[in-house]
Amino acid sequence: MRNKSKLHPGKVIHLFSEIQNHLHNGTISHELNQIAKSTRDKEILEICTRAADCLEIEIDTKFYKVNIEQHSHSLQTLVKHIKKAKELFDKVIEIIPDSNPKWTESLFKATESQLISLSNYYSLLDKIPDITDIHGEPIKIGDLVAIDCKDEKDRSYQHYGLITPSQQGFRVAHFFTGATVKVQNSLVEKGFGYVHEVSYSPEWIVKEHLSDSIPFSQVEGRIKESRKEERRVWNKLSYNCEHWARQMFCGEPICTQIEELRNNSN
């Protein structure tokens, strides 16, 4: 008795072709680019690169600006796109038993692996991107941060602060002296210090992460106590912004820039 003849391979191969045309019509590449250029989150950038490698396409990961809304919109588009590809693959599954494996086996395995991988990558992208500094280091509440500044003689120094939370996002608590709150003020020798907060921007780079074993409430308590001190003397050498920030951070008023500051005072 003759075996039942197999389905002509053209139909199933055409479905495989439709799936690849769908995956490579430029939409996925565009949306991965949109996600990559709107974050410095290293994990997200790595996932975007792996998704691109899966499709053997190239994406541009050059950062443009933080845009969480763009991330969300692009991810929704990617999810809809993979859903359409899976619907086509479901049609393949329906007719594959009647097809000759000589023509379909390798295509089936490769396409199945591709769709599973992409689905996993998109699941991993479904997160709120980390807020990071300019080096891609995630910012966390309680972190010790610093921003590059210049004194009145154009000499470089770092102004220190601490990451604090607010309803509007991360802020930086810092200790300064001068008539305004601008951290780029001239680095005067001494004056009265003030505790102030500014909105976080990526130029504030992470110097140290707050240990997971130390609750932020401990740091927050020190900051609150510091605010109560009236007319606290700010001194470039004995108690400056870094002394304050590290005292809030770890309990000890330390300045790692002290030798350089002394040399610049001469």
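Residues numbered from 1 in each chain as written. Predicted model: local features only at pLDDT ≥ 70, side-chain atom pairs only at ≥ 80, totals over all residues. Heavy atoms only, no water.

Enquirer: Mind laying out the nonpolar core, listing which residues take part and the relevant values?
Expert: One finds Leu23, Leu32, Val92, Leu118, Tyr122 and Leu125 to be the most contacted residues of the largest nonpolar core, which totals 30 residues. Only α1 (9-23), α2 (27-36), α3 (42-55), α4 (68-95) and α5 (101-125) provide two or more residues apiece to this core. At eight residues, the largest contribution of residues to this core is made by α4. Here Leu32 is in contact with Cys48, Ala51, Ala52, Ile59, Leu78 and Leu125, once residues within four sequence places are set aside. (Core = buried A, V, L, I, M, F, W, Y, C linked by side-chain atoms within 4.5 Å. Buried < 20%, exposed > 50% of the residue type's maximum accessible area, 1.4 Å probe, protein only. Helix = DSSP H or I, 4+ residues; strand = E, 2+ residues; numbered from the N terminus. Contact = heavy atoms within 4.5 Å.)

Enquirer: For the state of the cysteines, give the residues involved together with the corresponding values.
Expert: Applying the stated criterion across every chain, the model contains zero disulfides. Lacking any disulfide linkage, Cys48 is separated from the closest cysteine sulfur, that of Cys54, by 13 Å. Residue Cys48 is classed as buried on the basis of its relative accessible area, which comes to 0%. (Disulfide = S-S within 2.5 Å.)

Enquirer: Report on the pattern of salt bridges, specifying residues and quantitative values.
Expert: The full count for this structure, using the stated rule, is 10 salt bridges. Between Arg171 and Glu197 there is a salt bridge, with the nearest N and O atoms lying 3.4 Å from each other. Placement of the pair is Arg171 in strand β3 (residues 171-177) and Glu197 in strand β4 (residues 190-199), with a sequence separation of 26 residues. The class for Arg171 is partly exposed, based on a relative accessible area of 22%. A salt bridge links Glu208 to Arg246, with the nearest nitrogen and oxygen atoms 2.9 Å apart. In this pair, Glu208 sits in strand β5 (residues 205-208) while Arg246 sits in helix α7 (residues 241-250), placing the two residues 38 residues apart along the sequence. Overall, the relative accessible area of 34% leaves Glu208 in the partly exposed class. Salt bridges sharing common partners tie together Asp41, Glu43, Lys127 and Asp130. (Salt bridge = Lys/Arg side-chain N within 4 Å of Asp/Glu carboxyl O.)

Enquirer: How would you explain α5 if you had to name every residue and give the values?
Expert: With 25 residues, α5 ought to run about 36 Å at 1.5 Å a step, and its terminal C-alpha atoms sit 35 Å apart, in line with that. When α5 is considered as a whole, its buried residues turn out to be Thr104, Phe108, Thr111, Gln114, Leu115, Leu118, Ser119, Tyr121, Tyr122 and Leu125. Check the buried side of α5 and you find it contacts α1, α2, α3 and α4. The N-cap of α5, judged by a side-chain oxygen 2.9 Å from the amide nitrogen of Lys102 a few residues on, is Asn100. (Expected span 1.5 Å × (residues − 1). Polar contact = N/O pair within 3.5 Å; in protein donor to acceptor, adjacent residues only side chain to side chain.)

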